[in-house]
Amino acid sequence: MSGRDDFATRCVHGAGAPDAHTGAVVPPISLASTFAQDGVGRDRGYEYSRSGNPTRDALQECLASLEGGTRALAFASGLAAEDTLLRTVCRPGDHVVIPDDAYGGTYRLFAKVAQRWGLEWSAASVADPDAVAAAIRPRTRLIWTESPTNPLLGIADLAALADVAHSHGALLVVDNTFASPYLQQPLALGADVVVHSTTKYLGGHSDVVGGALVVSDPGLAEELAFHQNAMGAVAGPFDAWLTLRGIRTLGVRMERHCDNAERVAEFLTRHPAVTRVLYPGLPDHPGHKTAAAQMRRFGGMVSFQVAGGEPAAVAVCNRARLFTLAESLGGVESLIEHPGRMTHASAAGSPLEVPGDLVRLSVGIETVDDLLADLDQALAAVADPGTARVPR
Ligand SMILES: Cc1ncc(COP(=O)(O)O)c(C=O)c1O
């Protein structure tokens, strides 16, 4: 972060000034699917809501500002954003380097959908720029990364990966979902495209699904905007409005997520039933220094491995009470899940398969002592396997 830090102001005011006619301090939800034109070829900036919608525009402007890009585009989901990006920049026969640790649905998009249309991929550890460089082929078009990665919380050196990509004529794509723009702004580190599942920290309340692409290059922005309209997977106005409402509190929520996650990670490192804690804020995390250099803080996601293998990990998930057993992340409420059987089940048998003894937490903004007490009682399942089959 350089210069004066006005991020929180941009969160609150990013949706624009109060309504010019009524003074309403929040933007209206423009539900119209079509807009009256003053004459053939003479519209007032809007024609048809797939092509352009005022509420979606307000969200897009806000996202571009938060990520420091020239333009943002909002989609119906994170995967819709990813699909639009792939079909805009890649052609059959092109190749993409993907992380060997990434969201299972992203892997599924590459392996089960895009591959059938001729897009080749190979997986590499994004924590190791040399491994990524070694995976590059003559037709590599994109290096795709997450940082922190989902679910193993690996850290990629984004500036180093941008150098690798650009020296091979490829683009660096960063899925910034886990960090949010409050903690990390990849475009400033050299990335070409930022991807978001706005479903997560940006929305922040587990009540809306959405996605976004943010770019610096105006030419790429034009191409993506063309495909956003031509392919049609746009964010609806009500979804855009809910996401904007969530963004207003992004800064304060992220601070609290980070406070609580730090305490949870620290608690887990001392627990006898836990064999390994994966959190970039811990000084012994292999990516700690890089994370400290490129992130404001270390985020709200914590993963850990338990003694007793997969049955113990499943038992911990089943026993948690305040941590709700659910997929997704980034909302105000704490969630717990078993990635191997839930979010990352589609990566089984692939280079992205996750360990069976892994538990992933999305640490919410509740009173932290209540969260620690819940984890303590849930981890008793590992200490006492007789309780492991207690149903929820
Ligand atoms: C890191 C990451 N990227 C992308 C996605 C896909 O987003 P969506 O579920 O909004 O399609 C997810 C969903 O969990 C995710 O965790």
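S.K.: Mind showing me how you'd approach the overall build of the chain here?
M.R.: Across its full length, the chain carries 13 helices and 12 strands. The C-alpha atoms of the chain give 21 Å as radius of gyration, which agrees with the globular expectation for 392 residues (21 Å, within 12%). In terms of overall dimensions, the chain has a C-alpha envelope of 75 × 55 × 40 Å along the principal axes. Buried positions account for 55% of the 392 residues belonging to the chain. Here the analysis covers contacts within the chain between residues at least 6 apart in sequence; of these, 73% occur between residues at least 24 apart.

S.K.: How should helix 4 (residues 104-113) be read in this particular structure?
M.R.: One full turn of an α-helix is made of 3.6 residues, so residues set three or four places apart face in the same direction. A large share of helix 4 lies buried, amounting to seven of its 10 residues. Residues Gly104, Gly105, Thr106, Tyr107, Leu109, Phe110 and Ala111 constitute the buried set of helix 4. In this structure, the buried side of helix 4 is in contact with helix 3 (78-89), strand 2 (95-99), strand 3 (120-124) and strand 4 (140-146).

S.K.: Can you help me understand the site of the ligand in this one?
M.R.: Around the ligand, a shell composed of 14 residues is seen, among which Gly78, Asp175, Ser197, Thr199 and Lys200 lie nearest. At 2.8 Å, a side-chain N or O of Ser197 approaches an oxygen atom of the ligand. The fraction of the free accessible surface of the ligand (390 Å²) that becomes covered by protein chains is 90%. The biggest single contributor to the shell around the ligand is helix 3, with three residues.

S.K.: What should I look at first to understand the nonpolar core in this one?
M.R.: Grouped burial of nonpolar side chains is what soluble globular proteins tend to show. Within the largest apolar cluster, 68 residues are counted, with the highest numbers of intra-cluster contacts made by Leu250, Leu268, Phe304, Leu361 and Leu379. Ranked by residue count, the leading element in this core is helix 10 (residues 250-269), at eight residues. Here Phe304 is in contact with Leu268, Val274, Arg276, Val277, Val316, Asp357, Leu358, Val359, Leu361 and Leu379, once residues within four sequence places are set aside. Core analysis: the next-biggest nonpolar cluster, separate from the first, contains 32 residues, Leu73, Val89, Tyr107 and Leu352 among them.

S.K.: Help me understand the sheet that holds strand 3, please; the structure alone is not making it clear to me.
M.R.: Read across the sheet, seven strands follow the order 1-7-6-5-4-2-3 without closing on themselves; strand pairing throughout is mixed. Each edge of the open sheet is held by one strand with a lone partner, namely strand 1 (71-75) and strand 3. Each adjacent strand pair in this sheet contributes to an overall mean axis angle of 20°, direction not counted. Pairing geometry for strand 2 and strand 4, over three bridges, is parallel. Paired with Val97 across the bridge in strand 4 is Ile143. The sheet contacts of helix 8 (residues 218-231) involve strand 1, strand 5 (171-175), strand 6 (193-197) and strand 7 (211-215), and relative to strand 1 the element is tilted by about 20°.

S.K.: Looking at this structure, I do not really get the packing of helix 3 against helix 8. What am I missing?
M.R.: Each pair of packed helices can be described by the angle between their axes along with the distance between the axes. It is the contact of helix 3 with helix 8, at a shortest axis distance of 9 Å, that shows an interaxial angle of 115°. Note that helix 3 runs across helix 8; the crossing there is right-handed. Judged by residue contacts, Asp83, Thr84, Leu85, Arg87, Thr88 and Val89 of helix 3 engage Leu220, Glu223, Leu224, His227, Gln228 and Met231 from helix 8. When its residues are assigned to classes, the contact of helix 3 with helix 8 shows five nonpolar, four polar and three charged.

S.K.: Even after reading the chapter, I still don't get a nonpolar patch on the surface, so can you show me in this structure?
M.R.: Taken together, the side chains of Ile29, Leu31 and Phe238 make up a nonpolar region of the molecular surface, amounting to roughly 300 Å² of accessible area. Following the sequence through the fold, Phe238 ends up in helix 9 (residues 237-247). What makes Phe238 partly exposed here is its relative accessible area of 44%.

Rules of the game
- Residues numbered from 1 in each chain as written.
- Predicted model: local features only at pLDDT ≥ 70, side-chain atom pairs only at ≥ 80, totals over all residues.
- Heavy atoms only, no water.
- Helix = DSSP H or I, 4+ residues; strand = E, 2+ residues; numbered from the N terminus.
- Rg over C-alpha atoms; globule rule 2.2 N^0.38 Å.
- Buried < 20%, exposed > 50% of the residue type's maximum accessible area, 1.4 Å probe, protein only.
- Contact = heavy atoms within 4.5 Å.
- Near = heavy atom within 4 Å.
- Polar contact = N/O pair within 3.5 Å; in protein donor to acceptor, adjacent residues only side chain to side chain.
- Areas by Shrake-Rupley, 256 points an atom, 1.4 Å probe, with all protein chains shown as cover.
- Core = buried A, V, L, I, M, F, W, Y, C linked by side-chain atoms within 4.5 Å.
- Pairing = 2+ DSSP bridges.
- Axes fitted to C-alpha atoms, helices over the stretch in contact; angles between N-to-C directions.
- Left-handed = near helix turned anticlockwise from the far one by under 90°.
- Nonpolar A, V, L, I, M, F, W, Y, C, P; charged D, E, K, R; others polar.
- Patch = residues over 30% accessible without salt bridge, like charges linked within 9 Å, V, L, I, M, F, W, Y side chains within 5 Å.
- Salt bridge = Lys/Arg side-chain N within 4 Å of Asp/Glu carboxyl O.

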